[in-house]
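# Results of the structural survey
As a plain string of letters, each chain reads:
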Amino acid sequence: MTLHHYLILAAVLFCVGLMGAFTRRNAIVVLFSVEIMLNAANLNFIAFWRYSENPELLHGPMFTLFAIAVAAAEVAVGLALVIAVYRHFKTVDLESMNTLREE
Amino acid sequence: MNGEIAFWILSAIAVLGALVAVRKRNLIHGVFALLVFFAGLSGLFLLLLAEFIAAVQVLVYIGAVGVLLLFAIMLTERVAGDDGRRMTSRGWSWGLVVAVAVFVVLLLPAILQLPSPEVAQEINPSVEELGKKLMNPYVVTLEVLALLLTAALIGAVTAAQGVRMPKEEDLPE
């Protein structure tokens with residue numbers, strides 16, 4: 001397996017997440033599309049670390065650990081916001097939240 | 001050879017899991033497909049000899065994030081999804097075009113231009129080494145991350161609790 005295999009796989013996964021975030025109207029699905037994109041980025045970190053000149057510095061795994069922690073914080077706050085929005089609008093449909101739009 | 005077969009199987013699992021998660025109308029099924037995606041990715045981490053990261057992936061994503069998503073779905077939407085409503089947003093085809101364009105125009109050429117290095121050496125980092133790194137050069141990052149997690153905890157509780165509007169008679173004249 002070469003580095004290219006992993007990078008292309010991560011690019012495919014990133015674009016699947018991007019597609020989900022752009023095309024779905026449910027806020028929770030958009031949130032987990034973002035998670036898919038973050039995970040693709042983590043795969044890139046680990047792949048670059050594996051094929052780097054001096055992997056004993058462990059930059060890749062450390063960065064991935066921090067990224068996972070930040071992603072966990074993000075998903076907790078994101079879901080709390082989704083619940084707050086649901087309480088206000090009684091829906092998680094992103095297209096019916098258009099209070100700011102000029103009619 | 002074995003690694004190659006494992007790579008193809010695991011990447012197929014990951015891509016299919018992600019696709020199903022993104023396209024499924026039933027949100028609960030979507031979350032379970034997402035968990036399959038996380039598991040495939042954790043297998044890929046194992047293949048890249050990042051064992052601790054694979055374990056963390058299982059613990060944090062499959063364990064915590066999965067349960068959190070399930071709870072959020074049960075607290076909000078009708079679980080099976082509403083059949084009468086459109087699933088995709090207005091202008092979804094543009095989203096699809098942009099996603100494919102990002103892949104074909106941006107990512108693929110950039111990846112193919114990179115030189116493909118060999119695996120430098122077989123290194124299998126132990127948890128002990130990771131812990132030492134965490135204490136020596138990365139200690140500030142660790143502290144900042146602890147602060148971030150605390151702030152996120154408080155923020156999540158506050159946001160999910162909702163703001164209590166003051167009643168009319170409580171307001172000063």
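Moving on, we come to the overall build of chain A. Looking only at helices and strands, one finds three helices and zero strands in chain A. In sequence order, chain A lays out its α and β elements as α-α-α. Here chain A has a C-alpha radius of gyration of 17 Å; the compact-globule value for 103 residues is 13 Å, and the former is much larger. Expressed along its principal axes, the backbone C-alpha trace of chain A runs to roughly 55 × 25 × 20 Å. Here chain A, with 103 residues, has 58% of them falling under the buried criterion. For chain A, the share of sequence-separated contacts (at least 6 apart) that also reach a separation of at least 24 residues comes to 58%. Taken as a whole, chain A presents about 4,000 Å² of accessible surface, with 68% of it coming from carbon and sulfur. A distance of 10 Å separates the average location of the 6 positive side-chain charges in chain A from that of its 8 negative side-chain charges.

Before going further, it helps to spend a moment on the domain arrangement of chain B. Along its sequence, chain B is organised into domain 1 (1–80) and domain 2 (126–159). Placing the centre of domain 1 of chain B and that of domain 2 of chain B at their C-alpha centroids yields a distance of 24 Å.

All chains considered together, the criterion is met by two cavities of 30 Å³ or more. Its volume calculated, the second largest cavity comes out at about 30 Å³. Surrounding the second largest cavity, Pro61 of chain A together with Leu49, Ala50, Glu51, Phe52, Ile53, Pro125 and Leu130 of chain B form its lining. Among the elements that take part in the lining of the second largest cavity, helix H3 (residues 51–75) of chain B stands out by supplying three residues, more than any other. Along the lines of polarity and charge, the residues of the lining of the second largest cavity split into seven nonpolar, no polar and one charged.

Scoring rules and cut-offs
- Residues numbered from 1 in each chain as written.
- Chains lettered and ligands numbered in written order.
- Predicted model: local features only at pLDDT ≥ 70, side-chain atom pairs only at ≥ 80, totals over all residues.
- Heavy atoms only, no water.
- Helix = DSSP H or I, 4+ residues; strand = E, 2+ residues; numbered from the N terminus.
- Rg over C-alpha atoms; globule rule 2.2 N^0.38 Å.
- Buried < 20%, exposed > 50% of the residue type's maximum accessible area, 1.4 Å probe, protein only.
- Contact = heavy atoms within 4.5 Å.
- Areas by Shrake-Rupley, 256 points an atom, 1.4 Å probe, with all protein chains shown as cover.
- Lys, Arg positive; Asp, Glu negative; His and termini not counted.
- Charge placed at Lys NZ, Arg CZ, Asp CG, Glu CD.
- Domains from an automatic or database assignment.
- 1 Å grid on protein atoms, 1.4 Å probe; cavity = no way out; pocket = protein on both sides within 12 Å on 5 of 7 lines; lining within 4 Å.
- Points joined across faces, edges and corners; volume = space filled by probe spheres on them.
- Nonpolar A, V, L, I, M, F, W, Y, C, P; charged D, E, K, R; others polar.

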